[in-house]
Amino acid sequence: QVQLVESGGGLVQAGGSLRLSCKASGIIGSINVMAWYRQAPGKQRELVATITSGGSTNYADPVKGRFTISRDNDKNTVNLQMTSMKPEDTAVYYCNADVIRIGAFRSNNYWGQGTQVTVSS
């Protein structure tokens, strides 16, 4: 089995910064794409940023230039550095990973439990 555990959420004032981390553990052979999603109250879950195993990144328009996604392939971790935060960034942030378990021939998709981020105005 594979588990994703997020950390780093909390309360921050508008204009401030916060760093989220997510560690994957379990019987992991390799991890393809890792990503962060978020879900605000009453809204659908949306993609925030993705990063491939080779380090290629992609960002949703609302966070471009403010958020930075990074990963450490040796440690099976992915981070999200959030700066110039806005009240509309308030949401539960979820880690997501496309994992190939040891001995498996295809990947499976996994989610973390989510971490709350609140930005006060």
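Keep in mind that what you see is a predicted model, and the values were worked out from it rather than measured.

Visitor: I'd love a proper account of the pairing of strand β11 (residues 115-120), names of residues and values included.
Guide: Alternating residues of β11 divide into Thr115, Val117 and Val119, all buried, and Gln116, Thr118 and Ser120, none buried. One ladder, built from 4 bridges, connects strand β2 (residues 10-13) with β11; its direction is parallel. In the sheet register, valine 12 faces β11, and the bridge partner there is valine 119. Pairing analysis gives 3 bridges linking strand β9 (residues 91-101) to β11, with the strands arranged antiparallel. In the strand pairing of β11, alanine 91 is matched with valine 117.

Visitor: Lay out the state of the cysteines with the relevant residues and their values.
Guide: This structure, assessed with the given rule, holds 1 disulfide. Put simply, cysteine 22 and cysteine 95 are joined by a disulfide, and their sulfur atoms are 2.1 Å apart. Disulfide cysteine 22 to cysteine 95: torsion about the S-S bond roughly -80°, handedness left-handed. One end of the pair, cysteine 22, is in strand β3 (residues 18-26); the other, cysteine 95, is in strand β9, and 73 residues separate them in sequence.

Visitor: Please give an account of the side chain of arginine 71 that cites residues and values.
Guide: Inspection of the secondary structure assignment puts arginine 71 in strand β7 (residues 67-72). Although arginine 71 is buried, it makes no salt bridge; aspartate 72 carries the closest opposite charge, 8.0 Å away. Within polar-contact distance, the side chain of arginine 71 engages the backbone oxygen of asparagine 32 at 2.6 Å. A distance of 2.6 Å separates polar atoms of two side chains, one belonging to arginine 71 and the other to asparagine 73. When near neighbours in sequence (up to four residues on either side) are disregarded, arginine 71 contacts Ile31, Asn32, Val33, Met34, Ile51, Thr52, Ser53, Thr77 and Val78.

Visitor: Please provide a residue-by-residue account of empty space enclosed by the protein, values included.
Guide: Applying the stated criterion across every chain, the model contains 1 cavity of 30 Å³ or more. Empty space within the largest cavity amounts to approximately 30 Å³. Around the largest cavity, the lining residues are Arg38, Glu46, Leu47, Val48, Ala60, Pro62 and Val63. The element best represented in the lining of the largest cavity is strand β5 (residues 46-51), accounting for 3 residues. By residue class, the composition of the lining of the largest cavity is 5 nonpolar, no polar and 2 charged.

Procedures and definitions
- Residues numbered from 1 in each chain as written.
- Predicted model: local features only at pLDDT ≥ 70, side-chain atom pairs only at ≥ 80, totals over all residues.
- Heavy atoms only, no water.
- Buried < 20%, exposed > 50% of the residue type's maximum accessible area, 1.4 Å probe, protein only.
- Helix = DSSP H or I, 4+ residues; strand = E, 2+ residues; numbered from the N terminus.
- Pairing = 2+ DSSP bridges.
- Disulfide = S-S within 2.5 Å.
- Lys, Arg positive; Asp, Glu negative; His and termini not counted.
- Salt bridge = Lys/Arg side-chain N within 4 Å of Asp/Glu carboxyl O.
- Polar contact = N/O pair within 3.5 Å; in protein donor to acceptor, adjacent residues only side chain to side chain.
- Contact = heavy atoms within 4.5 Å.
- 1 Å grid on protein atoms, 1.4 Å probe; cavity = no way out; pocket = protein on both sides within 12 Å on 5 of 7 lines; lining within 4 Å.
- Points joined across faces, edges and corners; volume = space filled by probe spheres on them.
- Nonpolar A, V, L, I, M, F, W, Y, C, P; charged D, E, K, R; others polar.

Just distances and angles here, no functional claims.
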